[in-house]
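For reference, the chains in residue letters:
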Amino acid sequence: MKSKSFLTDFYYKSLYPILEDLEKDRKQLRYRIIVIGIIYTLIFALILIPLYSSIQDEDVLIFGAFGYIALGGIIYKFLIKDYTSEFKEKIISPLIDALDENLSYHKDLHISEHLFSRSKLFSNPDRHSGNDLVKGEIKNTKIRFSDFHAEKRHRNSKGRDSWSTIFKGLFVVAEFNKNFIGQTVVLPDTAQNTFGDLIGHWLQSKNIGRDELVKMDDTEFEKKFVVYSDDQIEARYILSHSIMKKLSTFEKKFGHPLYISFVRNHIHLAIYYDKDMFEPSIFRSLFEYKTAMEYVDTLHLVTGIIEELKLNQRIWSKSE
Amino acid sequence: MSTPLIILIVVILVLVLMYNSLVNKKNQVENIFASVDIQLKKRYDLIPNLVASVSKYMEHEKSLLEEVTKLRADANKANISDEKKIELDAKISSALGSLMIAVENYPDLKANENVMHLQRTLNEVEEQISASRRAYNQAVTDYNNAIEMIPTNFMASAMNYKRKQVFEIVEAERKNVDVKKLFNS
């Protein structure tokens, strides 16, 4: 796997001609979005103001505002669609190739629902979507990750559906270097942080939807996470002292809520993230260092999981 | 229902809950110790094989090998107490640790397929033992807390429950790896 500085160099040097072309497209697109945005706002105002003055009902304004945002969002997505697709093909795809030749990138695919449900981290979704799937092998260890959005349906008494988010963010699945049979789930510790150790522990042990609570012997880890498993010993076999330290460091690096599970000899990591991973920013230059670093950083952090957690080390009797 | 009766029922209920929770904690300790025992046996089963494979090469380490063999024989004796098992485990862990370090000095051994396989298996068993030790220690801590804390301590002394011993972590495991030493060797 290549270093971060190699990737940054690659971004600025090898991709330079493409960046130049795309930067022109981006400026044109930005201009178009601003013009269309102004026209769209004017049209909306022209319809809404006379309507409000004739009906004099505040609901019209609220309804109007929702309509304005929703329709605006659809138009915006439609406008940037081609640019986004070109950006991913010409920038992200080569960047991933450069990172490791054993990785492949599929901009329209995502982690399967089966893998998401298998992780046991969240309830089963009624609807899911995602994109930017990266899959392959790093140091002989299989890994795949993508953006994933899982939602649950709620039906009200009138039979109308509404959707709530179960998970949105980055979902990573990788082979684990130890064999295990049971399932162990590591969740962000909200109860203990909110209610303190004593009541928090008691509440956690009463979580009916989960297996047995496992108290871990690493104070920092125990403060950040809560562990449930169907096997007290196996949970500790998987979560050795060094893995606990590394996961704590990881959580700090990501800076987002981290959900981890160990099921069927795989590690599943869900990083709750309110942003798409490889989406281009229309209002910021492609040459800005911050823009480049964002893509490189995300890629490096995720693929670095294998090396940092030493998932490639097979010192155990697990067959290679 | 009269008030004294309600109070009596509540008191009985609380006593039953306390009793059950204590029994539950004691059984948890015993269950987990059974798993520790299984893992320890797995390791003891590996030892004769390991000793046989390395003894041809390791002439200078005769005393170490003898010690490992003797400790294994002690551990395999029938009817030894849990405390004794815990003590023997600590001794064997450190003896095997020294043996594995000694293996590093014999290039022939390091290249030997059989020894490598044994080493991997031993690594895994050690890791599993360490996991079950930690699980056991947690169960014992919960149990010890319950028999010492108010109000369960009264019930525990009535039931004649005594504190249990935890596994001490072997000193060698706790030490950080000395990188300087590694590079110099």
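Note that the structure is a prediction, hence the values are computed from the model and not measured. (Residues numbered from 1 in each chain as written. Chains lettered and ligands numbered in written order. Predicted model: local features only at pLDDT ≥ 70, side-chain atom pairs only at ≥ 80, totals over all residues. Heavy atoms only, no water.)

A. Fine view of unusual backbone geometry. Each neighbour pair has its own omega, and for I150(B) with P151(B) the value is 5 degrees, a cis peptide bond. Positive phi is not limited to glycine here, since R264(A) has a value of about 50 degrees. One can find R264(A) in the loop between β8 (258-263) and β9 (266-272). You will see that K310(A), though not glycine, has its phi angle at about 55 degrees, which is positive. By the secondary structure assignment, K310(A) is in the segment after α9 (289-308). (Helix = DSSP H or I, 4+ residues; strand = E, 2+ residues; numbered from the N terminus.)

B. Structural context of the UniProt feature "coiled-coil region" (unreviewed entry) in chain B. Mapped onto this numbering, the UniProt entry annotates "coiled-coil region" (unreviewed entry) at residues 108-142 of chain B. Counted over residues 108-142 of chain B, helix gives 97% and strand 0%. Its end C-alpha atoms are 48 Å apart. (UniProt positions renumbered as here; feature names shortened; annotations may be inferred.)

C. Broad picture of the layout of surface pockets. Taken as a whole, the second largest pocket spans an internal volume of roughly 1400 Å³. Along the wall of the second largest pocket there are 37 residues; nearest its centre are H201(A), S205(A), K215(A), K25(B) and D142(B). Counting only elements with at least two residues in the lining of the second largest pocket, the list comes to α5 (191-205), β6 (212-214) and α7 (232-238) of chain A together with α1 (3-55) and α5 (113-148) of chain B. When its residues are assigned to classes, the lining of the second largest pocket shows 15 nonpolar, 12 polar and 10 charged. (1 Å grid on protein atoms, 1.4 Å probe; cavity = no way out; pocket = protein on both sides within 12 Å on 5 of 7 lines; lining within 4 Å. Points joined across faces, edges and corners; volume = space filled by probe spheres on them. Nonpolar A, V, L, I, M, F, W, Y, C, P; charged D, E, K, R; others polar.)

D. Representation of the interface of chain A and chain B in the model. With 19 residues of chain A at the interface, the matching set in chain B holds 14 residues. In total, about 1500 Å² of surface goes out of reach between chain A and chain B, with carbon and sulfur atoms giving 52% of it. Viewed at the interface, chain B and chain A are joined by three salt bridges. Linking chain A to chain B there are six residue pairs in polar contact (both at pLDDT 80 or more). Where the side of chain A that touches chain B is concerned, the elements lending two or more residues are α7 and α8 (241-254) of chain A. Considering each element in turn, the side of chain A that touches chain B owes the most residues, four residues, to α7(A). Broken down by class, the residue content of the side of chain A that touches chain B amounts to seven nonpolar, four polar and eight charged. (Contact = heavy atoms within 4.5 Å. Buried area = accessible area lost by both parts, 1.4 Å probe. Salt bridge = Lys/Arg side-chain N within 4 Å of Asp/Glu carboxyl O. Polar contact = N/O pair within 3.5 Å; in protein donor to acceptor, adjacent residues only side chain to side chain.)

E. Focus on the sheet that holds strand β3 (residues 141-155) of chain A. Residues and elements named next belong to chain A. Spatially, β1-β2-β3-β4-β9-β8-β5-β7-β6 is the arrangement adopted by the nine strands of the open sheet, whose pairing is antiparallel. The two strands at the open ends of the sheet, each matched to only one other strand, are β1 (103-106) and β6. In this sheet, adjacent strand axes meet at a mean angle of 20 degrees when their direction is disregarded. Relative to β9, β8 runs antiparallel, the two being bridged by six bridges. Paired with S261 across the bridge in β9 is H268. (Pairing = 2+ DSSP bridges. Axes fitted to C-alpha atoms, helices over the stretch in contact; angles between N-to-C directions.)

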